[in-house]
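Here is what each chain is made of, one letter per residue.
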Amino acid sequence: ESATFTDEIDVYTMDKWIKGTQALFIPSGSRVSLVGDVEVTSAEASFRFDEDLMFNIPFKPVCSLTGKVVLTRDPNTGLITSYREYWDQSVNDVLKTAKFGKKA
């Protein structure tokens, strides 16, 4: 429960990441796909993703992005201690993909 969650914008505790994600995005208008294989070692697990996110703000814009997630593992327990997103695009470039009134 002390894991940290990091994206291209900020670092979050687990509670803030869960609450923020639930408040910011509309699940029925969003989608995420894994791209390729999930790679797992004793130190980490990683995978690539492609997603469209519908924001829970007026006009319900949908932004598209791709990237990689790295989950760092505790060497003693194997439990996940951090979640880190690396986006292929800058935050500004992701925001420029916004489309309005379309479901993902």
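See above for the structure.
Just so it is clear, the model here is predicted, and its values are computed rather than measured. Residue positions within a chain follow its written sequence, with the count starting from 1. For this predicted model, a pLDDT threshold of at least 70 governs which residues receive local features, and a threshold of 80 or more governs which side-chain atom pairs are given and counted, while totals over whole chains, interfaces and linings are taken from all residues. With hydrogens and water excluded, all non-hydrogen atoms of the structure serve as input to the side-chain values.

This brings us to the layout of surface pockets. The pocket and cavity definitions rest on a 1 Å grid over protein atoms only: a 1.4 Å probe that fits but cannot leave marks a cavity, an open set with protein on both sides within 12 Å along at least five of seven lines marks a pocket, and residues lining either have an atom within 4 Å of a point. Grid points are joined across faces, edges and corners, and a volume is the space filled by probe spheres set on the points. Its boundaries defined by the atoms lining it, the largest pocket holds a volume of some 760 Å³. Looking at the largest pocket, it is lined by 29 residues, and the ones nearest its centre are Thr-21, Phe-25, Glu-51, Leu-53 and Glu-85. The secondary structure listing takes helices from DSSP runs of H or I that are at least 4 residues long and strands from runs of E that are at least 2 residues long, numbered from the N terminus. Those elements giving two or more residues to the lining of the largest pocket turn out to be helix 1 (14-24), strand 3 (31-40), strand 4 (44-54), strand 5 (62-73), strand 6 (80-87) and helix 2 (91-95). In terms of residue class, the lining of the largest pocket is made up of 20 nonpolar, 4 polar and 5 charged. Three classes are used, and their members are as follows: Ala, Val, Leu, Ile, Met, Phe, Trp, Tyr, Cys and Pro are nonpolar, Asp, Glu, Lys and Arg are charged, and the others, Gly among them, are polar.

Quick look at the nonpolar core now. Judged by nonpolar contacts, the single largest core of 15 residues is most densely connected at Leu-65, Val-69 and Leu-71. For this core, the elements supplying multiple residues, two or more each, are strand 4, strand 5 and strand 6. Apart from residues no more than four positions distant in its own chain, Leu-71 is found in contact with Ala-43, Glu-44, Ala-45, Phe-47, Ile-80, Ser-82 and Tyr-83. To form a nonpolar core, buried Ala, Val, Leu, Ile, Met, Phe, Trp, Tyr and Cys residues must be joined to one another through side-chain atoms within 4.5 Å. For the exposure calls, accessible area comes from a 1.4 Å probe over protein chains only, and a residue counts as buried if that area is under 20% of its type's maximum, exposed if over 50%, partly exposed in between. Between two residues, a contact is recorded if the distance between any of their heavy atoms is within 4.5 Å.

Residue placement: Glu-85 occurs in strand 6. Buried within the structure, Glu-85 lacks any salt-bridge partner; Arg-84 is the closest side chain of opposite charge, at an N-O distance of 7.1 Å. In terms of polar contacts, Glu-85 uses its side chain to reach the side chain of Trp-87, at 2.7 Å. Not counting residues within four places of it along the chain, the set of residues in contact with Glu-85 comprises Thr-6, Asp-7, Glu-8, Phe-49, Lys-68 and Val-69. In this tally Asp and Glu are treated as negative and Lys and Arg as positive; neither His nor the chain ends contributes. Note on definitions: salt bridges are taken to be side-chain nitrogens of Lys or Arg within 4 Å of carboxyl oxygens of Asp or Glu. Counted as a polar contact is a pair of N or O atoms within 3.5 Å, where, for protein atoms, one must be capable of donating a hydrogen and the other of accepting one, and residues adjacent in sequence contribute only when both atoms are in side chains.

Once that is clear, we can look at the environment of Ile-80. With respect to the helices and strands, Ile-80 occurs in strand 6. According to the relative accessible area criterion, Ile-80 is partly exposed, its value standing at 40%. C-alpha of Ile-80 to C-alpha of Met-14: the two residues are 66 residues apart in sequence and 12 Å apart in space. When sequence neighbours within four positions are dropped, the list of residues in contact with Ile-80 reads Ala-3, Leu-71, Thr-72 and Arg-73.

Before going further, it helps to examine the packing of aromatic side chains. Pairing of aromatic side chains requires ring centres within 6.5 Å, counting the rings of Phe and Tyr and the six-membered ring of Trp. Pairs whose planes differ by under 30 degrees are stacked, by over 60 edge-to-face, and all others tilted. This structure, assessed with the given rule, holds 4 aromatic pairs. Ring geometry for Phe-5 and Tyr-83: centres 5.6 Å apart, planes at 35°, overall tilted. You can see Phe-5 sitting in strand 1 (residues 4-6) and its partner Tyr-83 sitting in strand 6, a full 78 residues away along the chain. On the basis of relative accessible area, Phe-5 is assigned to the buried category, the value being 11%. Feature note: the residues Phe-5, Trp-17 and Tyr-83 constitute an aromatic cluster, connected by ring pairs. Over the aromatic face of Tyr-86 sits the side chain of Arg-84, whose NZ or CZ is 4.3 Å from the ring centroid. Only when the NZ of Lys or the CZ of Arg is both within 6 Å of the ring centre and within 35 degrees of the ring normal is a charge said to sit over the ring.

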